Amino acid sequence: MLNEFKDFIAKGNVMDMAVGIIIGAAFTAIVTSLVGDLINPIIGLFTGGLDFTNNYAVLAGDVAAGASLEAAREAGAAVFAYGAFLMAVINFLIIAFVVFMLVRYVNKVKAMAEKPEEVAPEVESGPSELDILIEIRDQLARQA
């Protein structure tokens, strides 16, 4: 069983997957910063300073008016955190778009690398040997 496990780990796909997971974790931190530090302030600018992250509705419990989402959760209230969900959707859309652009770019590079050498345009050649023999046969048949 240990040998089978070693063979499994040594396969290229497992190592590729491990590298992908590590890069994905780092990429998630970058996107989180992008959304939290760059996109949220721009959205807030257009919405009059509104920060979606702290938008919530209290389902049960007592929460002071204007309290942050974190304060409401610490107070033990059941909250419907639609703002946090909206930011998670925005994060997902940004990640999906960036991954799409990355895959698109990689596919273009692969296509360029696999592009066959340019083939010279086919020059029109004369009739084939078979065409000439058929023509000779037809002429001989007409003369006879």
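Parameters and conventions
- Residues numbered from 1 in each chain as written.
- Predicted model: local features only at pLDDT ≥ 70, side-chain atom pairs only at ≥ 80, totals over all residues.
- Heavy atoms only, no water.
- Helix = DSSP H or I, 4+ residues; strand = E, 2+ residues; numbered from the N terminus.
- Rg over C-alpha atoms; globule rule 2.2 N^0.38 Å.
- Buried < 20%, exposed > 50% of the residue type's maximum accessible area, 1.4 Å probe, protein only.
- Contact = heavy atoms within 4.5 Å.
- Areas by Shrake-Rupley, 256 points an atom, 1.4 Å probe, with all protein chains shown as cover.
- Lys, Arg positive; Asp, Glu negative; His and termini not counted.
- Charge placed at Lys NZ, Arg CZ, Asp CG, Glu CD.
- Phe/Tyr/Trp six-rings, centres within 6.5 Å; stacked < 30°, edge-to-face > 60°.
- pLDDT = per-residue confidence, 0-100.
- Salt bridge = Lys/Arg side-chain N within 4 Å of Asp/Glu carboxyl O.
- Patch = residues over 30% accessible without salt bridge, like charges linked within 9 Å, V, L, I, M, F, W, Y side chains within 5 Å.
- Core = buried A, V, L, I, M, F, W, Y, C linked by side-chain atoms within 4.5 Å.

**Student:** If you had to explain the overall build of the protein to someone new, which residues and values would you point to?
**Tutor:** When its secondary structure is counted, the protein shows five helices and two strands. For the protein, the C-alpha radius of gyration of 33 Å lies well beyond 15 Å, the compact-globule estimate for 144 residues. Judged by the C-alpha coordinates and their principal axes, the protein covers about 115 × 55 × 25 Å. Put simply, the protein has 144 residues, and 13% of those count as buried. Partitioning the contacts of the protein with sequence separation of at least 6, the portion at a separation of at least 24 is 45%. Carbon together with sulfur atoms contributes 66% to the accessible area of the protein, which is approximately 12,000 Å² in total. Within the protein, one finds 9 positive and 17 negative side-chain charges whose respective centroids are separated by 3 Å.

**Student:** Requested: an account of the environment of asparagine 54, with residues and values cited.
**Tutor:** Topologically, asparagine 54 is positioned in the loop between helix H2 (12-46) and strand S1 (57-60). When its relative accessible area of 35% is taken as the criterion, asparagine 54 is described as partly exposed. Remark: the alpha-carbon pair of asparagine 54 and glycine 66, spanning 12 residues in sequence, is separated by 9.4 Å.

**Student:** Please provide a residue-by-residue account of the packing of aromatic side chains, values included.
**Tutor:** The description of two aromatic rings rests on the distance between their centres and on the angle between their planes. On inspection of all chains with the given rule, the structure shows one aromatic pair. Look at phenylalanine 80 and tyrosine 82: their rings are 6.4 Å apart centre to centre, the planes differ by 40 degrees, and that puts the pair in the tilted class. Judged by relative accessible area, tyrosine 82 falls into the partly exposed class, the value being 42%.

**Student:** Go over the confidence of the model for the protein with me, naming the residues and quoting the values.
**Tutor:** In this model, the protein carries a mean pLDDT of 80, and residues with pLDDT of at least 70 account for 94%. Per-element confidence in the protein ranges from a low mean pLDDT of 77 for helix H1 (residues 2-10) to a high of 89 for helix H5 (residues 129-143).

**Student:** How would you explain the pattern of salt bridges if you had to name every residue and give the values?
**Tutor:** Here the structure, examined in full by the defined rule, presents one salt bridge. Where arginine 137 meets aspartate 138, a salt bridge forms, and the shortest distance between an N and an O atom there is 3.2 Å. On the accessibility criterion, arginine 137 (53% relative accessible area) is exposed. Given a relative accessible area of 31%, aspartate 138 falls into the partly exposed group.

**Student:** Talk me through a nonpolar patch on the surface; I want residue IDs and the actual numbers.
**Tutor:** Taken together, the side chains of Leu2, Phe5, Phe8, Ile9 and Met15 define a hydrophobic patch exposed on the protein surface, amounting to about 510 Å² of accessible area. For the nonpolar patch, the element with the highest residue contribution is H1, accounting for four residues. Relative to the helices and strands, phenylalanine 5 resides in helix H1. With relative accessibility at 48%, the residue phenylalanine 5 sits in the partly exposed group.

**Student:** Quick rundown of the nonpolar core? Include the residues and the values.
**Tutor:** Judged by nonpolar contacts, Tyr56, Ala67, Leu69, Ala72, Ala77, Val79 and Ala81 together constitute the single largest core of seven residues. Once residues within four sequence positions are removed from consideration, alanine 81 is found in contact with Asn55, Tyr56, Leu69 and Arg73. Core analysis: the second largest hydrophobic core is formed by six residues, Val31, Phe52, Met87 and Ile94 among them.

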